[in-house]
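Remarks on the overall topology
The lines below spell out each chain.
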Amino acid sequence: MSTENETILQFAPWESFVSPTFWHKLAELKLDYDRLSDSKRSITGHYTNRNASGCLLEVDYTAYNRTAQPPKFSHAAIGTIYNKNTIEEFKALDKLQLLVDEGKALLADMCSGAALRDPSLLTRFFVLSFADLKCHSYFYWFAFPCPLTPTLKLQGAVQKLRDLANSSSYISALKSLPTESQNFFILYANVESNVFEARNLSSLDEKDIELCYFGFADPSEYEHPAWIMRNYAAFLIQQCPSLVGKPIKFLGLRHNQQMSIDDSLVWQVIQTEACDLSQSGDIKFVGWELNKNGKMGPRMVSMRDSMDPAKLAENSVNLNLKLMKWRLVPDLNLEIITETKCLLFGAGTLGCAVARNLLSWGFKHITLLDSGKVGFSNPVRQNLYMHADAVAGNRMKATTAAQRLKEINPSAETAGYVLEIPMPGHTVGESLLAQTKEHLKVIEQLVQDHDVIFLLTDSRESRWLPTLLGAAKEKIVINAALGFDSYLVMRHGTTRTEAGDVGQEIEGLKCINGDQLGCYFCNDVTAPGNSLKDRTLDQQCTVTRPGVSNIAASYAVELLVALLQHPRKELAPAYYAQSGRGKSEEAAGKVPEGLLGILPHSIRGMLCNYENILPATQKFAQCIACSAAVLDQYKKEGHAFLLKTFETAKYLEDLTGISEFKRLNSEIIDFDDEEFDMSDDDEN
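Residues numbered from 1 in each chain as written. Predicted model: local features only at pLDDT ≥ 70, side-chain atom pairs only at ≥ 80, totals over all residues. Heavy atoms only, no water.

Taking an unreviewed UniProt entry as the reference, the protein chain is identified by name as Ubiquitin-like modifier-activating enzyme ATG7 belonging to Drosophila erecta. Quoted verbatim from the Sequence similarities (unreviewed entry) heading of the UniProt record, the comment on the protein chain is "Belongs to the ATG7 family." (UniProt positions renumbered as here; feature names shortened; annotations may be inferred.)

**Comments concerning unusual backbone geometry**
Positive phi is not limited to glycine here, since N166 has a value of about 65°. If you trace the backbone, N166 turns up in the loop between strand 9 (159-160) and helix 5 (167-175). Even without being a glycine, Y610 presents a positive backbone phi close to 50°. On the secondary structure map, Y610 appears in the loop between strand 25 (602-606) and strand 26 (611-613). (Helix = DSSP H or I, 4+ residues; strand = E, 2+ residues; numbered from the N terminus.)

**Details of the environment of P71**
Topologically, P71 is positioned in the loop between strand 4 (56-59) and strand 5 (74-84). On a C-alpha basis, the gap between P71 and Y47 in space is 8.9 Å, while along the polypeptide they are 24 residues apart.

**Examining the pairing of strand 18 (residues 365-370)**
The element strand 18 is largely enclosed, with a buried count of six among its six residues. With burial as the criterion, each face of strand 18 is covered, one bearing H365, T367 and L369 and the other bearing I366, L368 and D370. Inspection of the sheet shows strand 17 (residues 341-345) paired to strand 18 by five bridges, in the parallel sense. Across the sheet, the residue bridging to L344 is L368, located in strand 18. (Buried < 20%, exposed > 50% of the residue type's maximum accessible area, 1.4 Å probe, protein only. Pairing = 2+ DSSP bridges.)

**Things to note about the side chain of S181**
Note on placement: S181 falls in the loop between helix 5 and strand 10 (184-190). Judged by relative accessible area, which is 15%, S181 ranks as buried. A polar atom in the side chain of S181 sits 3.2 Å from the side chain of N200. (Polar contact = N/O pair within 3.5 Å; in protein donor to acceptor, adjacent residues only side chain to side chain.)

**Some details on the packing of aromatic side chains**
Under the definition given, this model contains 24 aromatic pairs. On the basis of an interplanar angle of 85° and a centroid distance of 6.1 Å, the ring pair of Y82 and F126 is categorised as edge-to-face. In this pair, Y82 sits in strand 5 while F126 sits in strand 6 (residues 125-132), placing the two residues 44 residues apart along the sequence. Grouping aromatic residues by their ring pairs yields a cluster made of W14, F22, W23, Y47, Y64, F125, Y138, Y140, F142 and F144. (Phe/Tyr/Trp six-rings, centres within 6.5 Å; stacked < 30°, edge-to-face > 60°.)

**Here we look at the confidence of the model for the protein chain**
Averaged over all residues, the pLDDT of the protein chain is 88; the fraction at 70 or higher stands at 89%. Mean pLDDT values for the elements of the protein chain range from 45 in helix 14 (residues 537-540) up to 98 in strand 17. Segment residues 534-540: pLDDT under 50, and four contacts once partners within four positions in sequence are set aside and those in other chains are kept. Across residues 678-684, where pLDDT falls below 50, the model places two contacts with residues more than four positions away in sequence or in other chains. (pLDDT = per-residue confidence, 0-100. Contact = heavy atoms within 4.5 Å.)

**Details of the environment of T427**
Within the secondary structure layout, T427 lies in the loop between strand 19 (413-418) and helix 12 (433-449). When its relative accessible area of 48% is taken as the criterion, T427 is described as partly exposed. Apart from the residues lying within four places of it in its own chain, the contact partners of T427 are F646 and E647.

**Some points on the nonpolar core**
Formed by 82 residues in total, the largest nonpolar core has its most connected members in F214 and F250. In terms of residues, this core owes the most to one element, helix 6 (residues 228-239), which gives eight residues. Built from parts of two domains, this core gets at least three residues from each of domain 1 (10-149) and domain 2 (153-278). In this structure F214 touches F185, I186, L204, I209, Y232, L236, I248, K249, F250 and L251, once residues within four positions along its chain are discounted. Membership of the second largest hydrophobic core comes to 51 residues, among which are V374, V548, A556 and A572. (Core = buried A, V, L, I, M, F, W, Y, C linked by side-chain atoms within 4.5 Å. Domains from an automatic or database assignment.)

**Regarding the pattern of salt bridges**
Under the defined criterion, the tally for this structure stands at 16 salt bridges. Note that D38 is salt-bridged to K84, the shortest N-O span being 3.3 Å. Of this pair, D38 sits in the loop between helix 1 (20-34) and strand 3 (41-48) while K84 sits in strand 5, placing them 46 residues apart in sequence. D38 sits in the partly exposed class, given a relative accessible area of 27%. Each of the salt bridges in this network shares a partner with another, and the network as a whole consists of E102, D109 and R124. (Salt bridge = Lys/Arg side-chain N within 4 Å of Asp/Glu carboxyl O.)

**A short note on helix 1**
Residues that lie three or four places apart on an α-helix share one face, since the helix turns once every 3.6 residues. The end-to-end C-alpha separation of helix 1 is 20 Å, in line with the 21 Å expected for 15 residues at 1.5 Å each. Along helix 1, the residues that are buried comprise F22, W23, L26, A27, L29, K30, L31 and D34. Among the residues trailing helix 1, R35 stands out with phi positive, at a value near 55°. (Expected span 1.5 Å × (residues − 1).)

**Thoughts on the sheet that holds strand 18**
One open sheet holds the eight strands; their spatial order is 19-18-17-20-21-22-25-26, and the pairing between them is mixed. Each having just a single partner strand, strand 19 and strand 26 make up the two edges of the open sheet. When the angles between neighbouring strand axes are averaged without regard to direction, this sheet yields 15°. Of the strand pairs in this sheet, strand 25 and strand 26 are connected by three bridges, and their pairing is antiparallel. (Axes fitted to C-alpha atoms, helices over the stretch in contact; angles between N-to-C directions.)

**Describing helix 13 (residues 464-472)**
Counting buried residues in helix 13 gives nine out of nine residues, a clear majority hidden from the surface. Buried residues of helix 13: W464, L465, P466, T467, L468, L469, G470, A471 and A472, and no others.

This is the structure in structure tokens:
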């Protein structure tokens, strides 16, 4: 056979084109699903032979779908991504061996006939990557494995389809071929019998190969065929060994913008040496993509600028939380945190600190309620305000704090309400009656619309109404109160009832179920009065060591998170030791733990000796805030009941029977000394 007009056929190499959405999806999968796993993951790509530019293989966020869904006028490519955990692992990986392993998988598909059933397996590719999620940088290297087989020699000139004899018959046959079958196909052309048919590759028959054009969707814009023809030729010769030494006609199907295929190209090639691909141990592979400098090496892309700032902030905020799930707390339920709506009564020192901690834990729904303005003394202690807010003179704490939270995390849904909290013992005059009723409606609706209530105000009586509403509407209530160098953080007992296991009995420990725990007012035998009346400035303000508020706020939020992670939520029991100090310490080590540790009823801490104690108390049947008598009267009379309590706190004492307790407590019982004479004479 003459070789005068034969030249070595060259191929247009693949060029990867990665959509930013591919990296966004990879970051999501890494954080939420893969975590520390670096196992390979199947992906898909796509390429088009319509008005092709270069020889592009594209991947986007759809690459991770379970089934390939290429865009219109495109064809699927089958791939794998190896995403490593560290840049060191990315660099140290044996890339030659990885190419060999992927190449052997390609040969297995060729030799087993899998590629005959699904020709897209011939367009195999893989990606080696490392995702630096902290800096939003992605290192990657594409490879398109191909066995190093004997060279194909081009016989004669490359021809366009329209220049072939009987081209109209060829074109007519090709137009009948379904789009999904155009990636690899056979054009059967029997001129003598005037039979022209476009067939699926699975119909390959070695008897007819001399009458066949082996077609493929060619994404190359050059005279050279795309890289996929290299695998295609190797596969055909493996399937039909008689092709060795014989001319083989390939048809690169190319569409222009108008979907005409007249400019499709035909190459007649020959391979003169045999190569048994089933002996994969003797085969070498090529296919690593060159980088932008034309050298063998990976590429790097930074997504910092291309990502939406709000989405970037959201991913970054949640990064620490998702890393917890990787290794430390894999069962941590972040969804319930994101969905929980928190209402903060008070936007002062405690309110600001609690709100910031809620953001840190990933809470998205935060509402603040306060009636105060930002003063000059506030910014140094209340971390959501600035000096400029005080200078303005008219910045309200609730709305300003809500705005600051939104600036810190744009994805958070925050709101501020400027409202006075009506309080027992604070008489409502006729002029304020309509406003008070309106404020009550708003407060009641806010409590109804939220899941968790934080009591963070600076007076005892201002906590009464939120405590009552939280109990009446079955909400989780977290309370934090400050002294000079002490603090109290507690969860109120719930009024919600639910069938389920009660707390287990443990020797040396007393167990109180969540629906039997007391509230902030359960330890009092007096109703709250006007704590601001007849008080000096230091008595009206909360004078406390600066660190106390931050400690209490942190405990308050951590207590809530631990509660949300418990299977029984607010119904979770609390335990406390019943015996002496030595035995109580031993018993304390037996307290059952939830996902994030023990769940106390209350935390009382003192900075003077840096000590915490964890007491638990039961509900008080005559409590002026959560007892059945109070809740029933509120549900019966509504605002009329509340207005009575605002008029005088004694109404609550009479309603609950506390007045009788106070009367008994104030009685003095006089004893006659003569009746209790304990002289020595009597003893004798």
